[in-house]
Amino acid sequence: MATARTRRRKSRSPIRGKVRLALIGAGGMANGVHYPSLSEMADVDMAALCDLVPDKAQATAKRFGIPKVYSDYRKMLDEVRPHAVYALMPPHHIHDVAVEVLNRKHHLFIEKPPGVNAYQNRQLALHAKRNGVIAMAAFQRRYVPIINQLKKRVEAHGPIHTVEVNFIKFAPDPVNYYGGAIDILSCDAVHAVDTLRYLCGGDVLSVASSVRALDADSPNSFYALVTFSSGVTGILKTNWACGHRVFSVEMHTTGMSAYAEPDVSGAIYKDGSTEPEPYDPAGCAKSDATWHKLGFFGENRHFIDCVKSGKQPCSNIEDTVATMELVDRIYHNVIPGA
Ligand SMILES: NC(=O)c1ccc[n+]([C@@H]2O[C@H](COP(=O)([O-])OP(=O)(O)OC[C@H]3O[C@@H](n4cnc5c(N)ncnc54)[C@H](O)[C@@H]3O)[C@@H](O)[C@H]2O)c1
């Protein structure tokens, strides 16, 4: 009979052959980016799918050739005994499911944010550690080909001293995610917070912020100046009361500046030149598919590779605690009057 100890040892041993996945969620992100990415991978077996809405589960299973369909994820896990589980569902519903999956000693991939706040993220990280499994949060901007290629290029020129991440949207009031279950900064603008941490590196030393509710009842505008132990200064500009949607990054070292808007274009400027050296998102990704250009394929590939090798992913949920803690510090370190 398998003891808890032998089960744990099994879950840690490297996987040869296909990685067997059980998938929870047949919604927008699942259909739009994650399952298209996984279905391109020859070493992945999308063995079973569960959704509370049977029609969605059936339609998604048919689209991706997933043989088994469930409406009860526990039953699916009992029967399929997967190597890893995807749970792609709203942040205020994820915690209970994630804890159950981790305590059953399955590796886990969840969407961002990893819980509604730093406390929940920390608890998930503890469960993952105790059970000896890999748990990764999907902060796909860490895996965007054009961003990583520009980062490498700037770092080859000199140490990055300044990073700016800009994420603006037009989102008329009332703006609240999931009926107010979670705030804008923790739920969605957190992408920019995580990207800032990723590009700056090191630990957060200090934060000075502006948090405002612009023509809204709840905060929808967040600006921050963040210093990092790496020596990099980070500038965060997130605002949901703007005229359109833009996600862009800037990285600077002495003599070189890089700019990227991952779904549009990128460029390098060198030594005062006014002529940009263009970077093309599709060229960098070697594909025009959205899920390749915007980092979704890369993050899914990285997760599968980590499950196979037993290595911790870049955006493992112990690391993302620091992202959620930076969200807290942005709320708590508002400059008087800002
Ligand atoms: N990375 C990004 O850029 C990005 C963009 C949008 C959303 N998201 C995140 O992705 C996650 C999912 O978002 P979405 O837009 O795909 O949501 P969605 O509402 O379209 O899909 C979620 C699905 O999960 C199912 N579900 C919920 N609880 C379940 C349970 N207990 N068992 C089985 N099925 C269950 C629902 O029926 C639904 O079909 C959220 O955490 C969100 O924050 C990320």
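Everything below is about the structure printed above this text.
Each value, and the rule that gives it
- Residues numbered from 1 in each chain as written.
- Predicted model: local features only at pLDDT ≥ 70, side-chain atom pairs only at ≥ 80, totals over all residues.
- Heavy atoms only, no water.
- Salt bridge = Lys/Arg side-chain N within 4 Å of Asp/Glu carboxyl O.
- Helix = DSSP H or I, 4+ residues; strand = E, 2+ residues; numbered from the N terminus.
- Near = heavy atom within 4 Å.
- Polar contact = N/O pair within 3.5 Å; in protein donor to acceptor, adjacent residues only side chain to side chain.
- Areas by Shrake-Rupley, 256 points an atom, 1.4 Å probe, with all protein chains shown as cover.
- 1 Å grid on protein atoms, 1.4 Å probe; cavity = no way out; pocket = protein on both sides within 12 Å on 5 of 7 lines; lining within 4 Å.
- Sits in = over half its atoms within 2 Å of the grid points.
- Nonpolar A, V, L, I, M, F, W, Y, C, P; charged D, E, K, R; others polar.
- Expected span 1.5 Å × (residues − 1).
- Buried < 20%, exposed > 50% of the residue type's maximum accessible area, 1.4 Å probe, protein only.
- Pairing = 2+ DSSP bridges.

### With respect to the pattern of salt bridges
Where charged atoms of side chains with opposite charge meet at close range, the side chains can pair. The final tally for this structure, using the stated rule, is 18 salt bridges. Here E318 and K129 are joined by a salt bridge, their closest N and O atoms 3.9 Å apart. One end of the pair, E318, is in the loop between α12 (296–309) and α13 (320–332); the other, K129, is in helix α6 (residues 118–131), with 189 residues separating them in the sequence. R245 serves as the salt-bridge partner of D263, at 3.7 Å between the closest nitrogen and oxygen. Pair noted here: D263 is in the loop between β12 (256–261) and β13 (265–270) and R245 is in strand β11 (residues 241–253), with a separation of 18 residues, a long-range link. Residues participating in the shared-partner salt-bridge network are D43, R301, D305 and K308.

### Describing the site of the ligand
Among the 20 residues in the neighbourhood of the ligand, the closest are listed as G28, M29, D51, K56 and Q140. At a separation of 2.9 Å, an oxygen atom of the ligand approaches a polar backbone atom of G28. Between the ligand and H191 there is a distance of 3.2 Å, counted from an oxygen atom to a side-chain nitrogen or oxygen. Expressed as a share of its isolated accessible area of 860 Å², the protein-covered part of the ligand is 79%. Of the pockets mapped on this structure, the ligand occupies the largest pocket. When its residues are assigned to classes, the shell around the ligand shows eleven nonpolar, five polar and four charged.

### Concerning α13
If you check α13, its first and last C-alpha atoms are 19 Å apart, about what 13 residues at 1.5 Å a residue would give, namely 18 Å. Within the sequence span of α13, burial applies to T320, V321, T323, M324, L326, V327 and I330.

### Examining the pairing of strand β5 (residues 107–111)
For a regular strand, the rule is simple: side chains alternate between the two faces of the sheet. Within β5, five of the five residues are buried, leaving the element largely enclosed by the surrounding structure. Burial along β5 is two-sided: H107, F109 and E111 and L108 and I110, pointing in opposite directions, are all buried. Strand direction decides the pairing type here: strand β4 (residues 84–87) and β5, joined by four bridges, are parallel. Bridging across to β5, A84 finds its partner in H107.

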